[in-house]
2 protein chains.
Amino acid sequence: MSIALLAVIGAGLAAILYGAFTVNQVLSLPSGTDRMKEIAAAIQEGAQAYLNKQYTTIAIAGGVVFLVLLFAFKFDFIPAVGFAIGAVLSGAAGFIGMLVSVRANVRTTQAASESLAKGLSVAFKAGAITGMLVAGLALLGLAAYYAILTVGLGHAPESRAVVNGLVALSLGASLISVFARLGGGIFTKGADVGGDMVGKVEAGIPEDDPRNPATIADNVGDNVGDCAGMAADLFETYVVTVAATMVLGSILFTANAAQFMFYPLAIGGVCILTSIAGTYGVSLGKGSTNIMGALYKGLVITGVLSLVAIGIVTFQMFGFSEQIGTTEGGSPFTGLSLFLCGILGLVVTGLIVWITEYYTGTDYRPVKSVAKASESGHGTNVIQGLAVSMEATALPALVIVVGIVTAYNLAGLFGIATAVTTMLALAGMIVALDAFGPVTDNAGGIAEMSGLEGSVRETTDALDAVGNTTKAVTKGYAIGSAGLGALVLFAAYTKDIEHFVAHPTEFPFFADVNVSFSLSDPYVIAGLLIGGLLPYLFGGIAMQAVGRAAGAIVEEVRRQFKEKPGIMQGTERPDYARAVNMLTGAAIKEMVVPSMLPILSPLVVYGIVSVVADKSAALSAVGAMLIGVIVTGLFVAISMTAGGGAWDNAKKYIEDGNHGGKGSEAHKAAVTGDTVGDPYKDTAGPAVNPMIKITNIVALLLLAALAG
Amino acid sequence: MSIALLAVIGAGLAAILYGAFTVNQVLSLPSGTDRMKEIAAAIQEGAQAYLNKQYTTIAIAGGVVFLVLLFAFKFDFIPAVGFAIGAVLSGAAGFIGMLVSVRANVRTTQAASESLAKGLSVAFKAGAITGMLVAGLALLGLAAYYAILTVGLGHAPESRAVVNGLVALSLGASLISVFARLGGGIFTKGADVGGDMVGKVEAGIPEDDPRNPATIADNVGDNVGDCAGMAADLFETYVVTVAATMVLGSILFTANAAQFMFYPLAIGGVCILTSIAGTYGVSLGKGSTNIMGALYKGLVITGVLSLVAIGIVTFQMFGFSEQIGTTEGGSPFTGLSLFLCGILGLVVTGLIVWITEYYTGTDYRPVKSVAKASESGHGTNVIQGLAVSMEATALPALVIVVGIVTAYNLAGLFGIATAVTTMLALAGMIVALDAFGPVTDNAGGIAEMSGLEGSVRETTDALDAVGNTTKAVTKGYAIGSAGLGALVLFAAYTKDIEHFVAHPTEFPFFADVNVSFSLSDPYVIAGLLIGGLLPYLFGGIAMQAVGRAAGAIVEEVRRQFKEKPGIMQGTERPDYARAVNMLTGAAIKEMVVPSMLPILSPLVVYGIVSVVADKSAALSAVGAMLIGVIVTGLFVAISMTAGGGAWDNAKKYIEDGNHGGKGSEAHKAAVTGDTVGDPYKDTAGPAVNPMIKITNIVALLLLAALAG
């Protein structure tokens, strides 16, 4: 198995090499006029300054958690070090991605001034670097730490030491992710909402107009939110899912744990290679302008190659016909069953991508209905958008339900885990499609601000429109996989308890524990309701933070317009840095409290219920809380991201000349809807993802700490 | 027990007598000038026409359900007749309430022109009539049908015949309720949103201005939505809770079922009398203008008297010290335990009232923050309102959690049921406080339209402002109690299955059933997710219906303004009837599809899962679905009603002269927020209540039908 493990580590390294190689390619491209360089430098500076501050704050929080883990595990360094690895690698993926993104933006503008195909090539390469770094570092971290613990330190694969190390590594990734999603989301949407409201609506100047003092902040936000934040989010989902699948493998198949624990790593390894192959498939045919088609070509190549590769890996490891395990329902399953679960994961991915596109694309009923509703005013636009956001949860939930039941019938809990692992194994390619978005968004901004001719902006706008769709699609994918991944974590929680209870001499704390997860137990209902309220409370706090940050920006921009009347005439330069600094302070301050919510809730609920009732009731309540968080979290997150995407594209649809076009009353109403959708889809909604998983991971670590 | 049962029936009749007596009082009052009478007649005509059409449609749907029940229960008439009783009485409560309300409005205007105290007196009396009819008819229906089945037909109280009859009676009430809430809600908010958007925002004329063609429709809407719809909603919650408590009593205490089944009826009976007493406590002290204080005085009198009365009833029936049962956890409980659960129900009511006031009152942070956010624009107003709506779910959920756990520890599942029954027993008084709202709202409209002097409008506005708060508070109460009531229904579902499985010879269908409600069963997770999506889908459809209806009204009003330019000069009369007819058609058409959702879902889920897996899995999935509906339904409903209330009062707060006052940019943004909040708080949010319960009741009837 050691050579195979080395091969997986090699695949991770290959992704990083691909990244390094492509970085060089991108950086060697020309970066345009002096004005363009100047603007790009301002964005780079702002983004770097923000991330430095954000990661400093996270480092302090991380340090505290590190120490808490050390104490909770009685100075066993394995969990604490695992936590540090997860946190550092997640931070690195986001940070490097951002560094590339803020340098690729201006080069994309330059390339777009030559041709659409060149612009697409640069922007996509920049996205692919982030994508491969996310998948590569995630896989590398997991495989290497697993190798160190098993081969290096000689722990048995199924030992608690290895399980705790992997779970703690997930916690590290999740912690960074919730901070990055929230902090980056508050920054980017504070700038976007505030800038739009005072610029577009009040002053009547276009987006990215250099006269708007919030415009650099808006472009910085694209990088720290949509690039670094999103990278941390998918790094986390990847790590958590693969780690949870490994843990589940170790618990369910004690006899041949090593094999089942290696399987998710192997899937991750081959799919990184197929993702790299897929990136070479993205190119615009001669004279073609179908950007979405070019991107989907890459995705389809990756998907098909992954299918073949997963089939080969599964056949090699398990064969297709011998029984390799038994489902919880008592039916035998084979390697073929696992492979079918893998296919199922890809099908679920495809369906969720398709549903998200339906709800957020300009070609379909939902977005058109929001655009139509804008004709009768701001109010009806928002009402229709909210209606679409709620309706948009139904089909993804059904797909997930069918996926769960099918995978479970094929290969039990491990079947579900395998399906999710396969979904996530494509993360490299999916992130590439998404991280491409902020680069083109920035490229358009730079074109506007440096006064390039209109055709350049048109080219970057065409790229940006596709970026909006891929961003919405990625969010649907991230949330769907996060919900499923969290269910795997919950399965690990229940199986862990079963394991501890079954070995009372090893784990004396659990000797008298009798946990019921029955819905007729009032502590289970209580747990469900408390879990259910967390995404609501968390989302509410996040939305308020954006509202406050945006309100502050509105006042700042109004002040600058008033004090420097030359700004609007173009004779005075706005103070861009002030807006950036204000947002940095606001985002860092506001991200801390909501991030504590998922970390502390399982501990508080356990503590209170174990005092009021007993530890069995407390463990039941915490378990039900995990499901409560997943259930409402899934609906809150899907409705927010889909609704936000629909509002955004309804505005775009009107700007394309429908319902009166730009400047009409319908357009003003659509801008209001877009503003509301901004924190929905880019702050609160996506931050619910890591929030769901942190709650689950903290509960798992709580179990491990209680077990001693 | 027969005399006691007669006493309960007597209490129900007393409430109806009180209603008849007060109707005479109100109708004997003067109804003002000819112009006032003319306007009131137009509102009466519109409301009557709408309700006639609504109830005709419901009668058709009800007829179908009646026949389905006949077939499903193999021509046993008991469930079908129970269903008809529930449906007819619920319809009667709403219809009579509306008849009184549309006659009391103009008399309130007339009384308000004399003094605030007189205006309050008339409006409150009108509300009290509806309140007492709701509680009286609900109790009468339950007690009388129970008496007929047990005493008249000689069925044992704990027999399936009685249980099925009571559950079917609940279904009748629920079915009317979901239709009335949806139909009335779509009507009233279509008129309100449409009228405001085109009147206030576009034409710049005040609310209720007679030049607005939608203004009569708006006033009709208050009566069919806030009065008839709300009455049907609370009738339903009352019936369902008391019936579910009776059913639970029959299942849990087979040895002395009659006593435990009579207990909720007894609580209902004495609390009707205390509610009648409380209505006499509502009066404005000489020179006082504290309307809310006057209303709360009545509520407190009812609360304190109820406490004493429930104590006496409990002591008489069970004593305080002997053990009368055992909780599911195995601890004994006494009459005193039940009494403490009753007190708990009142405390939960008080806390939920207080929390709702905090989130929707102009004196506290949430509403002020929405008003402040309006300064920076439409977008930030909506963002802040959504944030408040999400945050507002946390405390009520925690109160409910603490209530559940405490009641369960005191007296098991029956303790929870007793607490909810006590909450609902105050429904007569609570509805009185709420139904007072649409009367004063109408009174203000009539004052405006008939050109009475400003001081009259000021008096009615003062009454109306209080009406807004009581409406919000009642919704919080209705949803909290609905969530708890639904949990009692779920308990009945699980206990029913246990009962059937334990008696396989009597119920052969359940011989090989083995139901797990464990969260580690994938069918349970699937059920939870499907249940969770229902309130989202339902809410989304309801919001879209309002958006469509409002959009149609906007176009109609714009058309009338354009075709009859004399309307704005006051020389031409708008065509009020057209707007009323349009809304009637839209509301009736749009209410049907979403109403089918909760009725069909349990049947479809049961059908599909029993084919895909087996009947055990299907029953587990349906059970989990019930909890899923309750969990997300609770959050969706609370967030919608609280958010809507906050938006409404933020607008009022600005209109009181804050943040620039009426006509400022902040005010325009606040009007947008109010518009968004309208369908939130008056259509989708409250309709989720009956929707949650229908799902549960249909599942219970499904069990009964399967049992044969």
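Rules used in this analysis
Residues numbered from 1 in each chain as written. Chains lettered and ligands numbered in written order. Predicted model: local features only at pLDDT ≥ 70, side-chain atom pairs only at ≥ 80, totals over all residues. Heavy atoms only, no water. UniProt positions renumbered as here; feature names shortened; annotations may be inferred. Buried < 20%, exposed > 50% of the residue type's maximum accessible area, 1.4 Å probe, protein only. Contact = heavy atoms within 4.5 Å. 1 Å grid on protein atoms, 1.4 Å probe; cavity = no way out; pocket = protein on both sides within 12 Å on 5 of 7 lines; lining within 4 Å. Points joined across faces, edges and corners; volume = space filled by probe spheres on them. Helix = DSSP H or I, 4+ residues; strand = E, 2+ residues; numbered from the N terminus. Nonpolar A, V, L, I, M, F, W, Y, C, P; charged D, E, K, R; others polar. Buried area = accessible area lost by both parts, 1.4 Å probe. Salt bridge = Lys/Arg side-chain N within 4 Å of Asp/Glu carboxyl O. Polar contact = N/O pair within 3.5 Å; in protein donor to acceptor, adjacent residues only side chain to side chain.

- An unreviewed UniProt entry annotates chain A as K(+)-insensitive pyrophosphate-energized proton pump originating from Hyphococcus flavus.
- Taken from UniProt, the Subunit (unreviewed entry) comment for chain A reads in full: "Homodimer."
- What UniProt states about chain A under its Sequence similarities (unreviewed entry) heading is, verbatim, "Belongs to the H(+)-translocating pyrophosphatase (TC 3.A.10) family. K(+)-insensitive subfamily."

Structural notes on the UniProt feature "site: Determinant of potassium independence" (unreviewed entry) in chain A
Residue and element names in this part refer to chain A.
Next up, step 1: According to UniProt, the positions carrying the feature "site: Determinant of potassium independence" (unreviewed entry) are Lys-471.
Next up, step 2: For Lys-471, a relative accessible area of 7% corresponds to the buried category.
Next up, step 3: If we skip the residues at most four places from it in the chain, Lys-471 touches Asp-226, Asp-434, Gly-437 and Asp-441.

Considering empty space enclosed by the protein
Next up, step 1: Applying the stated rule across the entire model yields 19 cavities of 30 Å³ or more.
Next up, step 2: What lines the largest cavity is a set of 15 residues, and nearest its centre among them are A:Tyr536, A:Tyr680, B:Tyr536, B:Ser639 and B:Tyr680.
Next up, step 3: Of all the secondary-structure elements, those providing two or more residues to the lining of the largest cavity are helix H11 (378-391) and helix H18 (615-655) of chain A together with helix H11 (378-391) and helix H18 (615-655) of chain B.
Next up, step 4: Of the residues assigned to the lining of the largest cavity, the class counts are 11 nonpolar, 4 polar and no charged.

Thoughts on the side chain of B:Ser369
All names here are of chain B.
Next up, step 1: Residue position: Ser-369 is located in helix H10 (residues 365-374).
Next up, step 2: Overall, Ser-369 belongs to the buried group, its relative accessible area being 18%.
Next up, step 3: If sequence neighbours within four positions are ignored, Ser-369 has contacts with Gln-384 and Val-388.

Re the interface of chain B and chain A
Bring the parts together and some accessible area is lost; that lost area is often taken as the interface size.
Next up, step 1: Facing 72 residues of chain B, the contacting portion of chain A comprises 72 residues.
Next up, step 2: Both sides together, the interface formed by chain B and chain A hides about 5900 Å², and carbon and sulfur atoms give 79% of it.
Next up, step 3: A salt bridge links A:Lys372 to B:Glu555; the shortest N-O distance between them is 3.7 Å.
Next up, step 4: Between the two partners, chain B and chain A, sit 11 residue pairs in polar contact (both at pLDDT 80 or more).
Next up, step 5: For the side of chain B that touches chain A, the secondary-structure elements that each account for two or more residues are helix H5 (160-203), H10, H11, helix H12 (394-425), helix H14 (454-502), helix H15 (522-563), H18 and helix H19 (665-707) of chain B.
Next up, step 6: In terms of residue class, the side of chain B that touches chain A is built from 45 nonpolar, 21 polar and 6 charged.

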